[in-house]
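# Geometric and topological summary
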Amino acid sequence: EAPESLNFIEQIIEEDLANGFPQEKLRFRFPPEPNGYLHIGHAASICLNFGLGEKYNAPVNLRFDDTNPSKEEHEYVEAIKRDVAWMGFKWANECYASDYFQQLYDWAVQLIKDGKAYVDGQSSEAMAAQKGTPTTPGTNSPHRNQSVEENLDLFTRMKAGEFAPGTYVLRAKIDMASTNMHMRDPILYRIIDKAHHRSGTAWCIYPMYDWAHGESDYIEQVSHSLCTLEFKAHRELYDWYLDQIVDPAKLRPKQREFARRNLSYTVMSKRKLLELVQNKHVSGWDDPRMPTISGLRRRGYTPSAIRKFSDLAGIAKRDNVTDVSLLEFCIREDLNKIATRVMAVLDPVKLVITNYSEGKVEMLEAENNPEDPNSGTHEVPFSRELYIEREDFQEEASKKFFRLSLGSEVRLKSAYIIKAESVIKDSNGNIVEIHCTADLDSKSGTGTEASMRKVKGTLHWVSIAHAIQAEVREYDRLFLDESPDGHEDKNFLDFLNPDSLRVIPNAFCEPYLGKAGLQDKYQFQRLGYFTLDTDSKDGKLIFNKTVGLKDSWAK
Ligand code: ATP
Ligand code: MG
Ligand code: MG
């Protein structure tokens, strides 16, 4: 592979290998905190880490960074596993930071014994005031020079549950004058009076992210710990913590940072996504408008489209926003290759073919997918009375209208060329029936001269007697602003799109759709790509529109 086709993380790894790092020691991890569902930003990290695993034939752990019981739940663990597996990746080991609590505690005790950690009983306000600013040094805590014995005693009692949350913390003794604020005696442990979804009530002190993360990487012998840019300033602390425990005979993990994936017209932080769920702005984490992996799956996205998107968006060194149209491009391309072509009418008007015998039914052959020669065909029933889309007919055609109008001809897809002769209207002047005649020699695929005749438009349709009804859900962007959480004076919720969901309760589908299964992909011809929604029940089909046929946002 040419070096320029490597992303910068791969370049770092290649350099390490060139400098003698043994390839068989490469090991990666994807480390979600189980405090929400995975989103398309996580997909970047998943694709990066598991992609490296595939590329270098290296194990990749799925590590739950479950060190804060106040926000974490078992439901999220299950959802995360489901989503990573659905993306098509296999983890080597399922790991939990909570399984390392005892080891982390023992190491913390060692730090105290080495005079490198102390228990601080000040209020969080007092500690914050002592922290200083990036340009002025902090001041030492009055507890900083407590004896080892006193620190051990207090830490043991913290663990034993003798103290209330907020009364004591364990801090590393590093440097209150460091230019890196993270090095100014960071907190290692705090008291949290909550049961943990795995360790239950065994612990009431919990390690901070920085303390748990690097040491977990070390325990698992992860070679390259890849995280997002906001942790760059934490790297010095990550290294300091490792310095305290690393056995030189073992592998020493290294942290490297890449830019978060941001997507236009949505929010990505789990806290904000949770707010959307809790305030019922969406139906749940897997609402098809959510940027979550489960939402995208329910919407009809495929793992390959998400992986392709991650590929094309790339791994960047600097923060940036990827346009959501790239994601839509990826799913459209994929569905074009795999979706079965069918017909459905969302806004029906009745069309009668007056020269077609009443009661006659023909089974026409429809190509499943012109992009895939092996996809075969299916049968579509044709009869005298059909539905077409209301907007596909105008009594008098304007210049650019190539659909059906009085006196003009169009082809009915897979069927006949028809000509509109007259209309029937109700008392309000609305068209209720369009009467047409068909050129009965023009049936598609028969090879007759009339069947080859070119007309300007082709319409989709369904036979009324055979149609099955379905609910169709169409989605627009959830937010009206390109970066809803990028405004200082406004809350992201101010930008919610009030029309992001449009429900069509009675669409008419060709009967072939009666056998649709969850995750089957369809192109409703001329309308877009659709998939069955998980709310569907026997006798009640519900389809989600995944994406339109064209980028409706492009000019
Ligand atoms: P959020 O702010 O959305 O809650 P997080 O970083 O707290 O995200 P974690 O569960 O800690 O979420 O993330 C697991 C892994 O996925 C981490 O390595 C994190 O850096 C990475 N990750 C999270 N969000 C993104 C993103 N938008 N782009 C790329 N990687 C991400
Ligand atoms: Mg988080
Ligand atoms: Mg995190």
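As the structure is a computational prediction, the values presented were derived from the model and not from experiment.

Our focus in this paragraph is the domain arrangement of the protein. Parsing the protein into structural domains produces domain 1 (3-258), domain 2 (270-340 + 470-547) and domain 3 (344-460). Taken over C-alpha atoms, the centre of domain 1 sits 34 Å from the centre of domain 2. Those elements that place two or more of their residues in the side of domain 1 that touches domain 2 are α1 (8-18), α2 (40-56) and α3 (74-86). When residues in the side of domain 1 that touches domain 2 are grouped by element, the largest group, five residues, is from α2. Residues that form the side of domain 1 that touches domain 2 fall into these classes: 14 nonpolar, five polar and one charged.

Turning our eyes to something else, we now look at α3. Between its first and last C-alpha atoms α3 spans 18 Å; for 13 residues at 1.5 Å apiece the expected length is 18 Å, and the two agree. Following α3 by one or two positions, Gly 88 adopts a phi angle in the positive range, close to 100°.

This paragraph deals with the sheet that holds strand β26 (residues 501-509). Taking strand neighbours across the sheet as the criterion, the seven strands line up as β12-β27-β28-β29-β25-β26-β13 in an open arrangement whose pairing is mixed. At either margin of the open sheet sits one strand with a lone partner, and together these are β12 (340-342) and β13 (344-345). One ladder, built from three bridges, connects β12 with strand β27 (residues 521-524); its direction is parallel. The partner of Thr 340 across the bridge, within β27, is Tyr 522. Of the strands in this sheet, β27, β28 (528-532) and β29 (541-547) are in contact with helix α12 (residues 324-338), which crosses β29 at around 120°.

A word on helix α7 (residues 209-219). Burial within α7 is extensive, with eight of its 11 residues counted as buried. The first or second residue beyond α7 is Gln 221, which carries a positive phi of 55°.

Glancing now at the confidence of the model for the protein. For residues with low pLDDT, the predicted coordinates do not support detailed interpretation. When pLDDT is averaged along the protein, the result is 96; 98% of the residues meet or exceed 70. Scored as a whole, the predicted complex attains pTM 0.95, and scored at its interfaces, ipTM 0.97.

Okay, the UniProt feature "domain: tRNA synthetases class I (E and Q) anti-codon binding" (unreviewed entry) in the protein next. The feature "domain: tRNA synthetases class I (E and Q) anti-codon binding" (unreviewed entry), as annotated in UniProt, sits at residues 458-533 in this numbering. Split by type, residues 458-533 is 0% helix and 39% strand. Its first and last C-alpha atoms lie 29 Å apart.

Attention now goes to the site of ligand 1. Not every one of the 15 residues close to ligand 1 is listed here, only the nearest: Gly 41, Ser 45, Thr 228, Arg 261 and Lys 270. Looking at the shell around ligand 1, the elements with two or more residues in it are α2 and β8 (224-228). The biggest single contributor to the shell around ligand 1 is α2, with four residues. Residue composition of the shell around ligand 1, grouped by class: five nonpolar, five polar and five charged.

Counting residues in hydrophobic clusters, the biggest one holds 94 residues, and the most contacted among them are Ala 344, Val 345, Tyr 387, Trp 461 and Val 462. Ranked by residue count, the leading element in this core is α2, at nine residues. Excluding its chain neighbours within four sequence positions, the residues that come into contact with Val 345 are Tyr 387, Ile 388, Glu 389, His 460, Trp 461, Val 462, Ala 507 and Phe 508. In this structure, Leu 170, Leu 188, Ile 191 and Tyr 241 belong to the second largest nonpolar core, which totals 31 residues.

What counts as what
- Residues numbered from 1 in each chain as written.
- Chains lettered and ligands numbered in written order.
- Predicted model: local features only at pLDDT ≥ 70, side-chain atom pairs only at ≥ 80, totals over all residues.
- Domains from an automatic or database assignment.
- Helix = DSSP H or I, 4+ residues; strand = E, 2+ residues; numbered from the N terminus.
- Nonpolar A, V, L, I, M, F, W, Y, C, P; charged D, E, K, R; others polar.
- Expected span 1.5 Å × (residues − 1).
- Pairing = 2+ DSSP bridges.
- Contact = placed C-beta atoms within 7 Å.
- Axes fitted to C-alpha atoms, helices over the stretch in contact; angles between N-to-C directions.
- Buried ≥ 20, exposed ≤ 12 C-beta atoms within 10 Å, placed from the backbone.
- pLDDT = per-residue confidence, 0-100.
- UniProt positions renumbered as here; feature names shortened; annotations may be inferred.
- Near = placed C-beta within 6 Å.
- Core = buried A, V, L, I, M, F, W, Y, C linked by C-beta atoms within 7 Å.

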